[in-house]
Amino acid sequence: MNAGKRGLLAGGALIALALAAGVFVGAVGMAVAGHDEKETVTPISAWDIVEKLDGKETKATVVEVTLGPGQAGEPHRHPGPVFGYVIEGQYEWAIDDQPSKVFKAGETFYEPTGCLHRVSKNPAAKGNTRVLAVVLHPRDARQITIPEPKK
């Protein structure tokens, strides 16, 4: 297979992954605001991919984030774009200064590189929220969730 076809296939696989899996990452491994518990973040997979992100070698990491009723993550940023897919429940989400939105199971969202993910919450009084998140990030990134400094 020539390099052009290989690149095209890798790009198609990446797009398929992003569309099929969706992407988001709540507050990966961060403390949940106002709760003694932490949200559950389950790594599913990680791949080195052919495409580069801002000229850097890139990795795609897939995680599942589970939030209990009323749980919320701390504000944070990601070193690359994030695509999210709500598997179960409702997910309240807001980036930068945009108003928050509530996504339902089956809906998807996108976060640009470096934006402030300021709201990551299960707004429901009962039932879990589960989100499948795919983060594209530089392979040398120390973490895929960068906590926002407290003001």
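Everything here concerns the structure above.
These numbers were taken from a predicted model, which means no experiment stands behind them. The residue count restarts for each chain, going from 1 along the sequence in the order it is written. Note on the predicted model: pLDDT of at least 70 is required for a residue's local features to be given, and 80 or more for side-chain atom pairs to be given and counted; whole-chain, interface and lining totals, by contrast, use all residues. Heavy atoms throughout the structure, all of them, feed into the side-chain values; hydrogens and water do not.

**Q** It is not clear to me how the pattern of salt bridges should be interpreted in this structure. Could you clarify?
**A** Opposite charge on two side chains allows them to pair when their charged atoms are near. By convention in these notes, a salt bridge is any Lys or Arg side-chain nitrogen within 4 Å of a carboxyl oxygen on Asp or Glu. Counted under the stated rule, the structure contains 8 salt bridges. With its nearest N and O atoms 3.3 Å apart, the salt bridge here joins K52 to E57. Given a relative accessible area of 53%, K52 falls into the exposed group. Each residue gets one of three labels from its accessible area relative to the maximum for its type: buried under 20%, exposed over 50%, partly exposed in between, using a 1.4 Å probe on protein chains only.

**Q** Any chance you could explain the pairing of strand 2 (residues 56-67) here in plain terms?
**A** For a regular strand, the rule is simple: side chains alternate between the two faces of the sheet. Runs of E in the DSSP output that reach at least two residues are strands. Runs of H or I that reach at least four are helices, and both are numbered from the N terminus. Most of strand 2 is tucked away, with 9 of its 12 residues classed as buried. Two strands are said to pair when DSSP picks up at least two bridges between them. As paired strands, strand 1 (residues 40-53) and strand 2 are joined by 11 bridges and run antiparallel to one another. Within strand 2, the position partnered with K52 by the bridge is E57. Following strand 1, the chain reverses through 2 residues before pairing antiparallel with strand 2; D54 in that reversal takes a positive phi of roughly 50°. Sheet topology places strand 2 next to strand 9 (residues 129-138); 10 bridges connect them, and they run antiparallel.

**Q** It is not clear to me how unusual backbone geometry should be interpreted in this structure. Could you clarify?
**A** Peptide bonds are, in most cases, trans, and in most cases residues other than glycine have a negative phi. The backbone phi angle of D54 is positive, close to 50°, even though this residue is not glycine. Positionally, D54 belongs in the loop between strand 1 and strand 2. Given the relative accessible area of 71%, D54 is considered exposed.

**Q** Can you help me understand the packing of aromatic side chains in this one?
**A** Between two aromatic rings, the relevant description is the distance of the centres plus the angle of the planes. Any two rings among Phe, Tyr and Trp, with Trp reduced to its six-membered ring, count as a pair given centres within 6.5 Å; such a pair is stacked if its planes are under 30 degrees apart, edge-to-face if over 60, and tilted if neither. A complete count under the given rule lists 5 aromatic pairs for this structure. Both rings, one in W93 and one in F103, keep their centres 5.5 Å apart while their planes meet at 70°; by these two values the pair is edge-to-face. With a gap of 10 residues between them, W93 in strand 5 (residues 90-95) and F103 in strand 6 (residues 101-104) connect regions that are remote in the sequence. One exposure class covers both W93 and F103, and it is buried.

**Q** Explanation requested: the nonpolar core in the structure shown.
**A** If you look at soluble globular proteins, the nonpolar side chains tend to sit buried side by side. What makes a nonpolar core is a set of buried Ala, Val, Leu, Ile, Met, Phe, Trp, Tyr and Cys residues whose side-chain atoms join them at distances within 4.5 Å. By size, the foremost hydrophobic cluster in this structure holds 12 residues: V63, V65, L67, V86, Y91, W93, I95, F103, F109, C115, V131 and A133. Looking at this core, the elements that each hand over two or more residues are strand 2, strand 5 and strand 9.

**Q** What should I look at first to understand the environment of K52 in this one?
**A** One can find K52 in strand 1. Sequence spacing of K52 and H137 is 85 residues, and the spatial spacing of their C-alpha atoms is 9.2 Å. In this description, contact between two residues means that some pair of their heavy atoms is separated by no more than 4.5 Å. Residue contacts for K52: discarding those within four places in its chain leaves E57 and T58. Only 3.3 Å separates the side chain of K52 from the side chain of E57, close enough to count as a polar contact. The definition of a polar contact used here is a pair of N or O atoms within 3.5 Å, where within protein one atom must be able to donate a hydrogen and the other to accept one, and adjacent residues in sequence count solely through side-chain atom pairs.

**Q** What's the story with the side chain of S120 in this structure? I'm lost.
**A** Inspection of the secondary structure puts S120 in strand 8 (residues 117-121). Owing to a relative accessible area of 2%, S120 belongs among the buried residues under this scheme. Separated by 2.8 Å, the side chains of S120 and Y91 make a polar contact.

**Q** So what exactly am I meant to see when it comes to the sheet that holds strand 1 here?
**A** Strand pairing in a sheet takes place through backbone hydrogen bonds and is either antiparallel or parallel in direction. Here we have 5 strands laid out as an open sheet, ordered 1-2-9-4-7, and antiparallel in their pairing. Two strands close off the open sheet at either side, each with one partner strand: strand 1 and strand 7 (108-111). Averaged over all pairs of adjacent strands, the angle between strand axes in this sheet comes to 20°, irrespective of strand direction. Direction of pairing for strand 4 (residues 82-88) relative to strand 7: antiparallel, over a ladder of 4 bridges. Looking at the pairing, G84 lines up with F109 of strand 7. Here an axis means a line fitted to C-alpha atoms, over the contact stretch when the element is a helix, while the angle between two N-to-C directions is reported on a 0 to 180 degree scale.

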